[in-house]
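Structural characterization, general
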Amino acid sequence: MQNKEDSSFPLEIRAISVDDLDWLTDFLAEHWGGTEMVSRGKAHYPDELSGFIAFLDENAVGVITYKIVDNDCEIITLNSLSEGLGVGTALVRQVMAVCSEAKCGRLWAVTTNDNCNALRFYQTRGFILAALHPNAIEKSRQIKPDIPAQGFDNIPIRDEIEIEMRLG
């Protein structure tokens, strides 16, 4: 396994283009169960948002989508297919560069109480826990009924956890 800090690592990141939409739709269906995501009681459609794809040897190994509203940027989806290689970190850094250009004051994301890997990932990259929204998934299931009852490690999916990084 290659060290994620190795500067010779041949990772290429490029913006999602119209040509990527079929791939993105299939990817979202496979990894997220469809193209509709729900956070904080709102539906999002990552295949209609800005984002980046990470490539290793011309193979897609990760994707991030985001939405800028006012002075905030929300990460809607983040996936790395090659953990430990710095794919997720590189994608978040790319969005941070966009945030800098857009003069965003906050980069944030929402995850669920069962997603310990996401909580670990974001916190080790400087994000802090910003809010706990108990039982928020009940409201999300009204929008997207197919959100499973059980998540990672068979933990019941109930709560949303908001994580953020203050910018500027």
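A brief structural summary. Since this is a predicted model, take the numbers as computed values, not measurements. (Residues numbered from 1 in each chain as written. Predicted model: local features only at pLDDT ≥ 70, side-chain atom pairs only at ≥ 80, totals over all residues. Heavy atoms only, no water.)

Let us look at unusual backbone geometry. Backbone geometry at Arg 40 places phi at a positive 50°, although glycine is not the residue there. Residue Arg 40 is classed as partly exposed on the basis of its relative accessible area, which comes to 32%. One non-glycine residue with positive phi stands out, namely Asp 70, at about 55°. Judged by its relative accessible area of 78%, Asp 70 is exposed. (Buried < 20%, exposed > 50% of the residue type's maximum accessible area, 1.4 Å probe, protein only.)

With the rule as written, the count across this model stands at four aromatic pairs. Aromatic side chains Phe 121 and Tyr 122 sit 5.3 Å apart centroid to centroid with 80° between the ring planes, which places their arrangement in the edge-to-face category. A relative accessible area of 19% means that Phe 121 is categorised as buried. The class for Tyr 122 is buried, based on a relative accessible area of 6%. Aromatic side chains Tyr 122 and Phe 127 sit 4.9 Å apart centroid to centroid with 70° between the ring planes, which places their arrangement in the edge-to-face category. Assessed through its relative accessible area of 3%, Phe 127 is described here as buried. An aromatic cluster of at least three residues, connected via ring pairs, comprises Phe 121, Tyr 122 and Phe 127. (Phe/Tyr/Trp six-rings, centres within 6.5 Å; stacked < 30°, edge-to-face > 60°.)

By size, the foremost hydrophobic cluster in this structure holds 27 residues, and its most contacted members are Ile 75 and Tyr 122. For this core, the elements supplying multiple residues, two or more each, are strand 4 (50–56), strand 5 (59–69), strand 6 (72–80), helix 2 (87–102), strand 7 (106–112), helix 3 (116–123) and strand 9 (160–166). By residue number, the principal contributor to this core is helix 2, which donates six residues. If sequence neighbours within four positions are ignored, Ile 75 has contacts with Ile 64, Thr 65, Tyr 66, Val 92, Leu 107, Trp 108, Ala 109, Tyr 122 and Phe 127. In terms of nonpolar packing, the next biggest core, distinct from the first, is built from nine residues, Phe 27, Met 37, Phe 55 and Val 63 among them. (Core = buried A, V, L, I, M, F, W, Y, C linked by side-chain atoms within 4.5 Å. Helix = DSSP H or I, 4+ residues; strand = E, 2+ residues; numbered from the N terminus. Contact = heavy atoms within 4.5 Å.)

The next point concerns the environment of Ile 137. Position of Ile 137 among the secondary structure elements: in helix 4 (residues 136–143). Distance in space between the C-alpha atoms of Ile 137 and Ala 149 is 9.3 Å, their sequence separation being twelve residues. If we skip the residues at most four places from it in the chain, Ile 137 touches Thr 112, Ile 147, Ile 157, Arg 158, Asp 159 and Glu 160.

Examined against the element boundaries, Gly 86 turns out to sit in the loop between strand 6 and helix 2. The spatial distance from the C-alpha of Gly 86 to the C-alpha of Leu 11 is 8.9 Å, given a sequence separation of 75 residues.

In spatial order, the strands read 1-4-5-6-7-9-8; together these seven strands make up an open sheet with mixed pairing. Unpaired on one side and paired on the other, strand 1 (11–15) and strand 8 (128–133) mark the two borders of the sheet. Recorded for the sheet is a direction-independent mean angle of 25° between the axes of neighbouring strands. Sheet analysis places strand 4 next to strand 5, joined by seven bridges and oriented antiparallel. By the bridge assignment, Phe 55 is partnered in strand 5 with Ala 60. The strands that helix 1 (residues 21–32) touches are strand 4, strand 5 and strand 6; relative to strand 6, the one it contacts most, it runs at about 75°. (Pairing = 2+ DSSP bridges. Axes fitted to C-alpha atoms, helices over the stretch in contact; angles between N-to-C directions.)

A few words on the pattern of salt bridges. In this structure the tally under the stated criterion is eight salt bridges. Ionic pairing is found between Glu 162 and Arg 40, a salt bridge with its closest N-O pair at 3.9 Å. A residue pair is termed long-range when its members are at least 10 positions apart, and Glu 162 in strand 9 and Arg 40 in the loop between strand 2 (37–39) and strand 3 (42–44) qualify at 122 residues. Between Arg 106 and Glu 162 there is a salt bridge; the shortest N-O distance is 3.0 Å. (Salt bridge = Lys/Arg side-chain N within 4 Å of Asp/Glu carboxyl O.)

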